[in-house]
Amino acid sequence: MNLLALPILIPLFSGAVLLLLPSRIWRFVLACLAALLCLGVSLSILNTVLSGKVMVLQMSNWPAPWGISLVADGLTGIMLALSALVGLLTVIFAGSSLQHEPRRGQSKLVNELRERFGFQALLQFLLMGVNMSFLTGDLFNLFVAFEVMLISSYGLLLIGNELPQLREGFKYVVVNLIASAIFVVAAGMIYGLIGTLNMADIAVKVAQHTASYGPDARLSLLAMMLALVFATKAAVFPLGFWLPSSYPVPAAAASAFFAALLTKVGVYSLIRTFTLMFPEEDLIKTLLLVLAALSMVVGALGMISQSRWRHTLAFANISSIGYLLMGVFTRQNMGLSAALYYLIHTVLVIFTLFLIAALAEKIAGLKYTSEGHLNTYPWLAASYFIAALALAGLPPTTGFIAKYALISASLKVGGLLNNWVAAAAVVTGLLLLYASVEIWRGFFWGESHAVHQVSLPAGMKGTMAASLGLLVLLAIASGPLYRLANFAADQLSRNTAYIAAVLVETQAPRLGDPPLPTDHGVEEETH
Amino acid sequence: MELLLPLLAALLVGAGVFMVLSRALIRVILGLSLISYGINIAILLAGAGTGLAAPPLLDVEGPYVDPLPQALILTAIVIGFGTTALLLVLSLRAYQATGTDHVQEMTEKPDPVEVLGSYADPERPSISPEFGPEEKLSDTKEPS
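Rules behind the numbers
Along each chain, residue indices are assigned from 1 in the same order as the chain's sequence is written. Whichever chain is written first is A, and whichever ligand is written first is 1; the rest continue in order. In keeping with the predicted nature of the model, local features appear solely for residues at pLDDT of at least 70, side-chain atom pairs appear and are counted solely at 80 or more, and the whole-chain, interface and lining totals rest on all residues. Heavy atoms from the whole structure form the basis of all side-chain values; hydrogens and water molecules are not counted. For helices the rule is a DSSP run of H or I covering at least 4 residues; for strands it is a run of E covering at least 2, with both sets numbered from the N terminus onward. Accessibility here uses a 1.4 Å probe with only protein chains present; expressed as a share of the type maximum, an area under 20% marks a residue as buried, one over 50% as exposed, and anything in between as partly exposed. By definition, residues are in contact when any of their heavy atoms lie within 4.5 Å. Surface accessibility in these figures is a Shrake-Rupley result with a 1.4 Å probe; residues are shielded only by whichever protein chains are displayed. Two strands form a pair only when DSSP identifies at least two bridges running between them. Put simply, two rings from Phe, Tyr or Trp (the six-membered ring, in Trp's case) pair if the centres are within 6.5 Å, and we call them stacked under 30 degrees between planes, edge-to-face over 60, tilted for the rest. Throughout this description, the term salt bridge denotes a Lys or Arg side-chain nitrogen within 4 Å of a carboxyl oxygen of Asp or Glu. Grouping buried Ala, Val, Leu, Ile, Met, Phe, Trp, Tyr and Cys residues that are joined through side-chain atoms within 4.5 Å yields what is termed a nonpolar core. Contacts described as polar in this section are N or O atom pairs within 3.5 Å, which, within protein, must combine one atom able to donate a hydrogen with one able to accept it, while residues neighboring in sequence count only if both atoms come from side chains. An axis is simply a line fitted to the C-alpha atoms; with a helix, the fit covers only the stretch in contact. Between two such axes, the angle follows the N-to-C directions and lies from 0 to 180 degrees. The cut-offs work like this: below 35 degrees is roughly parallel, past 145 is roughly antiparallel, 65 to 115 is roughly perpendicular, and the gaps in between are oblique. In this scheme the handedness of a crossing depends on how the near helix is turned from the far one: anticlockwise by less than a right angle means left-handed, clockwise means right-handed. Grouping into patches uses exposed residues only, defined as over 30% relative accessible area, and leaves out salt-bridged ones; the cut-off is 9 Å for like charges and 5 Å for nonpolar side chains (Val, Leu, Ile, Met, Phe, Trp, Tyr).

Participant: Mind laying out the overall build of chain B, listing which residues take part and the relevant values?
Facilitator: Within chain B, the regular secondary structure consists of 6 helices and 0 strands. Secondary structure elements of chain B occur, N-terminal to C-terminal, as α-α-α-α-α-α. Looking at the 144 residues of chain B, the share that counts as buried comes to 32%. In chain B, 45% of the contacts between residues at least 6 apart in sequence involve partners at least 24 apart. Surface exposure of chain B reaches about 8,900 Å², of which carbon and sulfur atoms provide 68%.

In structure tokens form, the structure reads like this:
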């Protein structure tokens, strides 16, 4: 049985039903069930792809280049499992954080309204969009998936109607609309030039064209447009200006999910674009590598400049995107396995840190300058300590392993640029450590002024502990995880399995006679 | 036609970008609409630049025009419609909350939730009697 459509269908239906359910408890139960089911399906897909098989589902049984294909290889399996895991934790966290007292300085009504007006439903639709972007093998379908994801994220960002939400939400929507406009025109022009929207088919035709006519500036232009769009979504340095101000404004659960996964969808699309569709565009890859180094440094410096929990962590997110892309765009796919390992690590670290921030905001408001919470909340301090070590990349944590692998891959490739990028990665590690210590000094260290302890809901504490536990587990299970990353990276750098799995049915005789765009291809264009 | 449509697309996108760069919310929204119109024309051109082929209908003789770009445009129009509606409501809400539709003035205004503990939205519905706005007001003012 082919499960590939389920990670899209489960959140779609549960989201629709969630809009109708009148009671908060039932909404929570259904959302949890859907997230659990999604996790089960995702793990089963991951299990299947680990055997080396690329799973394909042709929607409505239309053969590959004409219909929409859903494809799952190693990378997709990892991303699906991560999104389902983070999704489940977010659902539980939101169920707890939205029914209790809001953070200090916030009106009581806001969270009540957020819950009542479909927070959980929007979260499910967001999950649907995220899963669909990971699964789809069709460029225009990827655009649609992005839109599903973005429209749900607009909803989650705006729900609650506070002034900062309105202000930052407007910018967020406008930036994303412009990026989507570039995406859709790029997809249209790829169809016009290459004659197909199926990613595997694009890969085949681009490779054929490059083999017979050499590099083509038009293809580079299209790759550049896609890179621009995905880099905007991934918040790479000069294009990520929208992130630090917009991610801190929604409900804490939404912030955590956004930071952990939404930017990673952009990174995922960049990986697909430059390993599958346009693997030969070395100039753009080099450009993105430089931008990755800049993102690392600027993100870390931004962290130091902030004094509010979630603003600081939003910059940490930009920095982590820099590390990810550094691995992705190191020459000859050398850093790819390190990047995938770092990806698993960073999703959980950023998520855990945002949950810790949510708890800290409940204790003392948005800023972390209120000293002396070490004695009152020792468990929170301990959790932050572990997560901060992982963020900065110090030895017992996964952060160290991931960054060591990234930097050594970069040095192994060598050359002036790669050495500079490796140097930037090391310096950024120190800056991240400084920024983490700064939070520690501001929030946990010092004399305690707290008159009474704020009671924190068990659900929030439990979710944070679970997420932290996963982070620790990641460090323990480093060996198998690194093999998993290696396997997925290997599959990505030799994309033949992916292409063969998607296009296999084209050779077979077809029933019916779908309209063929075959002689509209690259060959004809160049004559 | 060969030259006219690309020029029209460029004109629309150019005008749209110019308007998006202005500081009034409503102009930004109109600019975004213009950009999406320009882009739809560009996609149409990418798929069917010649403009001579017949529509893909059963009772019309070929050669047919490729219908896929039109399907792409249709999807883009539907999505654009939804997001424009959202943006309009959003800018209206922002205007009601801040009294201005100028981006700069909006940023300079302090956040009333942080300063006063009251709501950004004057028309916020009170959904349950115990959490109504009145109760919130009595929270901030000391009862005398």
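Continuing now.
Participant: Please provide a residue-by-residue account of the pairing of strand β2 (residues 69–72) of chain A, values included.
Facilitator: All names here are of chain A. Of the two faces of β2, the one holding Ser 69 and Val 71 and the one holding Leu 70 and Ala 72 are both buried throughout. As defined by bridge partners, strand β1 (residues 55–58) adjoins β2 across 4 bridges and the pair is classed as antiparallel. Residue pairing across strands places Gln 58 opposite Ser 69, the latter belonging to β2.

Participant: Just give me the short version of the packing of aromatic side chains, but keep the residues and values in it.
Facilitator: A full pass over the atoms with the stated rule returns 23 aromatic pairs over all chains. What links up through ring pairs into an aromatic cluster is the set Trp 309, Tyr 368, Tyr 384, Phe 385, Trp 440, Phe 443 and Phe 444 of chain A.

Participant: For the pattern of salt bridges, give the residues involved together with the corresponding values.
Facilitator: Residues and elements named next belong to chain A. Inspection of every chain in the model, using the stated rule, returns 8 salt bridges over all chains. Glu 168 is the partner of Arg 167 in a salt bridge, and the nearest nitrogen-oxygen pair spans 3.8 Å. Looking at Glu 168, the relative accessible area reads 9%, which means it is buried. Between Asp 490 and Arg 494 there is a salt bridge, and its shortest N-O distance comes to 2.7 Å. Several salt bridges converge on common partners, so that one network encompasses Arg 167, Glu 168 and Lys 171.

Participant: Quick one: what's the story with the nonpolar core, residue by residue and with numbers?
Facilitator: Residues and elements named next belong to chain A. Grouped together as the largest cluster of nonpolar side chains are 223 residues, with contacts concentrated most on Phe 119 and Leu 139. The element best represented in this core is helix α14 (residues 336–364), accounting for 23 residues. Not counting residues up to four positions away in its chain, the partners in contact with Phe 119 are Ala 94, Leu 98, Arg 114, Leu 156, Ile 159, Ala 251, Ala 253 and Ala 254.

Participant: Outline the side chain of Gln 120 of chain A, listing residues and values.
Facilitator: Checked against the element boundaries, Gln 120 of chain A lands in helix α5 (residues 119–135). Here Val 91 of chain A takes part through its backbone oxygen, which lies 3.5 Å from a polar atom of the side chain of Gln 120 of chain A.

Participant: Tell me about the packing of helix α6 (residues 139–158) of chain A against helix α9 (residues 217–234) of chain A, residues and numbers included.
Facilitator: All names here are of chain A. Viewed as axis vectors pointing N to C, α6 and α9 meet at an angle of 25°, and their least axial separation amounts to 13 Å. By the angle between their directions, the pair α6 and α9 is classed as roughly parallel. Seen from above, α6 lies across α9 with left-handed handedness. For the pair α6 and α9, the contacting residues are Leu 139, Leu 142, Phe 146 and Leu 150 in the first and Leu 226, Phe 230 and Lys 233 in the second.

Participant: I'd like a description of the environment of Ile 190 of chain A, backed by residues and values.
Facilitator: All names here are of chain A. Relative to the assigned elements, Ile 190 resides in helix α7 (residues 163–194). On the basis of relative accessible area, Ile 190 is assigned to the buried category, the value being 0%. Residues Ile 190 and Ala 223, spaced 33 residues apart in sequence, show a C-alpha to C-alpha distance of 9.3 Å. Leaving out residues up to four positions away in the same chain, Ile 190 has contacts with Leu 139, Gly 195, Thr 196, Ile 202, Leu 222, Leu 226 and Phe 278.

Participant: I'd like a description of the environment of Thr 352 of chain A, backed by residues and values.
Facilitator: Residue and element names in this part refer to chain A. With respect to the secondary-structure elements, Thr 352 resides in helix α14. Sequence separation between Thr 352 and Ala 387 is 35 residues, and the spatial gap between their C-alpha atoms is 7.0 Å. The contacts of Thr 352, once residues within four sequence positions are left out, are Ala 387, Met 464, Ser 467, Leu 468 and Leu 471.

Participant: Give me a nonpolar patch on the surface: which residues, what numbers.
Facilitator: Taken together, the side chains of Ile 25, Trp 26, Val 29, Leu 33 and Leu 36 of chain A define a hydrophobic patch exposed on the protein surface, amounting to about 520 Å² of accessible area. Counting through the fold element by element, Leu 36 of chain A comes out in helix α2 (residues 24–49).

Participant: Any details on unusual backbone geometry? Residues and values, ideally.
Facilitator: Residue and element names in this part refer to chain A. Located in the positive-phi region is Ser 60, a residue other than glycine, with phi close to 55°. Positioned with a positive phi, Ala 235 is a non-glycine residue whose angle comes to about 60°. Looking at where Ala 235 falls in the secondary structure, it is placed in the loop between α9 and α10 (243–246). For Ala 235, a relative accessible area of 1% puts it in the buried group.

Everything listed is a geometric property; what it means functionally is a separate question.
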